[in-house]
Each structure stands twice: as structure tokens, then as C-alpha cells.
Protein chains: 2
Amino acid sequence: MAAWTAYLTASHLLERRVEEQLKADAGLTHAQYEILARLSAAPGRRLRMTELARTVVVSKSGLTYQIGQLEKRGLVERATCPSDDRGVLAVLTEQGMRCLERTAPGHVAVVRELLIDLLSPDELETMARVMRKVEAATHSSARALP
Amino acid sequence: MAAWTAYLTASHLLERRVEEQLKADAGLTHAQYEILARLSAAPGRRLRMTELARTVVVSKSGLTYQIGQLEKRGLVERATCPSDDRGVLAVLTEQGMRCLERTAPGHVAVVRELLIDLLSPDELETMARVMRKVEAATHSSARALP
DNA sequence: CCGAAGTGGTTCAAATTTGAACAATGGCCA
DNA sequence: TGGCCATTGTTCAAATTTGAACCACTTCGG
């Protein structure tokens, strides 16, 4: 269980530093940054709300709120989904893309400093493998519930 | 950077499952559970507020609030610190200890299911080592700021 | 084609979290 | 001793998060 405690402490501290840097550097929450980043990587720079909520892992209502904030700042727009009238697409705007490009270097630097660069290639590879396992495990245990 | 993304997704999902289980099983937040757990491990089952805020990694005001909640439920008491009149000690009550003992098995089961049991001894050891490195790194970079 | 059952998003109130401002001490040094 | 600065915890308003209740729409099964 020592590993679990270490994990908790480290992940909290890491999250805190990342949050701090993003807020100071670009006035963004980590959640908001993640939204922009995921959108930028998606085809057409757009994703369904639900899809986004799943990957960023926030409640649906939380995402509605955050998208609202990002929309106010002109970094994201909403568009109706052509294939499903209920659906809403979050679309990264040109301005949002520029914001992300401006912010990414500093963010990446922090992540490297506090995580990536501390690890040997082996360790990094192990981390990634472990995290994929955890993701798979949470998914399967989740499907058992409903 | 793929490792970072995998880490983010996995840790969010993991946190969510843990939170879910604790809430359903004992009506506790993960943060609250951590508070009880850290207290139970401390000498005299008591810790200074600041110390607690550091290890649980929540803002000071957040801790004040949470301790308030736990106090209402009789799981924790406040005591003044003998060596420093400003200080406040959070003390785990007998009832709090029982609550923790009742809750721990389910919590541990989830953590094992979603993390520990997925890993080989080697992987587990690597994880723990990595997390200690991360903790050290965040500490040193923090001290540089003020 | 019709209605039941599901989905996808939003809204709303309530709970939580945060950061800044404060009040009360402690500690250090001239 | 007295003065100045750092620390401790709390309070307060504002921002965020969540879950439940709700519409609007889609999908099935008859």
C-alpha cells in the first residue's frame, strides 16, 4: 500500500504544479487546457460533448459549464451535430488554436521537468504500460455496474 | 507525451472509481478518507492542520472546511496545540477510528483491483520509485518560487 | 406509424474548493 | 525590550463541480 500512498501524494502535487503554471501562464484551468488539447488533436478540431466528457473525465454538467467559459473567451464554439440533432459539437476556434500553441511549450516544459525527464526510458515505458492497464481495468469494472 | 496522456486519463478514471466506492460505501469523500487515514497513522492520532493540508494536498481553507464536516459527524475533534497557541490539532476520535476500520477493507479492495493487482512486483516497485522521484521534484521546484 | 425506452445536453440548487484578506501568535535581531 | 516579518488557521465571496430533474430527439419493437 506504500506505493498507493506515494502515488496519491505525487499525483496531487504534480496536478497542483501543473495547474499553477497554466493559471499563471495562460489563465487556464488544467481541465480547460485538456479540452483544448483534445480538440486540437481531433479530426476537424471538433468533438461531441459526451466524447469530450469521457476523455477529460468530468461530469456532463461540468463540461457544459467549462465549454461555456471557453466560449465566452472565444476559444471554442458550439455547432450542432449534422448526424444527430441532439448532439452538440465543441469546435476549437482559430483563436483557441493560437492560445493553445502559445501555452503548450510552458506546459510541456513543466511536465517534462516534473515527470518525463526524471525517468529512464524503461521507467517511462513501464509507466505508460501500467496506465493503460489501469484504464482498461476501470473500464471493465465500470461496465459491470449499470 | 503519450505516457502523460495515458497517465492523465488513467488517474482521472481511477480517482473517479475510488471516490464512487467511498461515497457509496461510507458517505466519505476521498479527501475525507485520506484525512482519517493519515490521522490514524500519526502518533497520538493527531496532526497539525498545516501538516495535514500538506500531505493531503488541499488548500488551507479547504481543509478547514473538511475538518468542519468531519467534526460535525463526530469523526474528528479539534484540540489546541500545546507548543504553539496558534496551532490547531485535528484528532481522530474513537468513532472516527471505527469508521475508518469499517471502511478500509472495501477501499483497499478497489485499489487492489484497479491498480495493485494488475502489476507485477517489478512494475509495482518501479511505480513507487517513480512517484517518490516526482514528489521530490515537485518539492524542489516549489521551494524555488517564493 | 406509434409509443416506450434510451441518449445527449442543459438547467438548477446544493456542496465543495479556492484565493485573498484577516486576526493572532511566534521568532528573530538590533 | 520592541519592532518587524513570517506562520497559523479562519472567514468570506466567488468560481467550480456535482447529481438529479428535465426537455428534445433517436431508436426500437410492435
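Residues numbered from 1 in each chain as written. Chains lettered and ligands numbered in written order. Predicted model: local features only at pLDDT ≥ 70, side-chain atom pairs only at ≥ 80, totals over all residues. Heavy atoms only, no water.

As annotated in an unreviewed UniProt entry, chain A is MarR family transcriptional regulator from Planobispora rosea.

(A) Seen up close, the protein's contact with DNA strand C. Taken together, 21 residues lie near DNA strand C, and A:Thr50, A:Arg78, A:Arg86, B:Tyr65 and B:Gln66 sit nearest. Sugar plus phosphate: this is where 66% of the atoms of DNA strand C within 4 Å of the protein reside. Contacts to DNA strand C include A:Arg78, whose side-chain N or O atom sits 2.3 Å from a phosphate oxygen. Within the side chain of B:Gln66, one N or O atom sits 2.5 Å away from a phosphate oxygen of DNA strand C. When contributions to the surface near DNA strand C are tallied by element, the ones reaching two or more residues are α3 (49-56) and α4 (60-72) of chain A together with α4 (60-72) of chain B. Per-element tally for the surface near DNA strand C: the top contributor is α4(B), with five residues. When its residues are assigned to classes, the surface near DNA strand C shows four nonpolar, nine polar and eight charged. (Near = heavy atom within 4 Å. Polar contact = N/O pair within 3.5 Å; in protein donor to acceptor, adjacent residues only side chain to side chain. Helix = DSSP H or I, 4+ residues; strand = E, 2+ residues; numbered from the N terminus. Nonpolar A, V, L, I, M, F, W, Y, C, P; charged D, E, K, R; others polar.)

(B) A look at the pairing of strand β3 (residues 88-92) of chain A. Residue and element names in this part refer to chain A. Burial analysis of β3 places four of its five residues in the buried class, the great majority of the element. By the bridge criterion, three bridges tie strand β1 (residues 46-48) to β3 in an arrangement that is antiparallel. Paired with Leu 47 across the strands is Ala 90, a residue of β3. The sheet contact formed by strand β2 (residues 76-80) and β3 spans five bridges and is antiparallel. (Buried < 20%, exposed > 50% of the residue type's maximum accessible area, 1.4 Å probe, protein only. Pairing = 2+ DSSP bridges.)

(C) Main features of the protein's contact with DNA strand D. What surrounds DNA strand D is a group of 21 residues, the closest being A:Tyr65, A:Gln66, B:Thr50, B:Arg78 and B:Arg86. Sugar and phosphate atoms form 68% of the subset of DNA strand D atoms that lie within 4 Å of the protein. B:Arg86 places a side-chain nitrogen or oxygen 2.6 Å from a base oxygen of DNA strand D. Residue assignment for the surface near DNA strand D shows that the elements contributing at least two residues are α4 of chain A together with α3 (49-56) and α4 of chain B. Residues belonging to the surface near DNA strand D are distributed by class as follows: four nonpolar, nine polar and eight charged.

(D) Representation of the relation of the copies chain A and chain B in the model. Mapping chain A onto chain B is achieved by rotating through 180° and translating by 0.0 Å along the same axis, at an RMSD of 0.1 Å. On this basis, the relationship between the two copies can be described by a two-fold rotation axis. Closest approach to the rotation axis within chain A is made by the C-alpha atom of A:Met127, at a distance of 3.4 Å. The fraction of interface residues of chain A whose copies in chain B are also interface residues reaches 100%, indicating that both copies meet through the same surface. (Least-squares fit on C-alpha atoms with pLDDT ≥ 70 in both. Contact = heavy atoms within 4.5 Å.)

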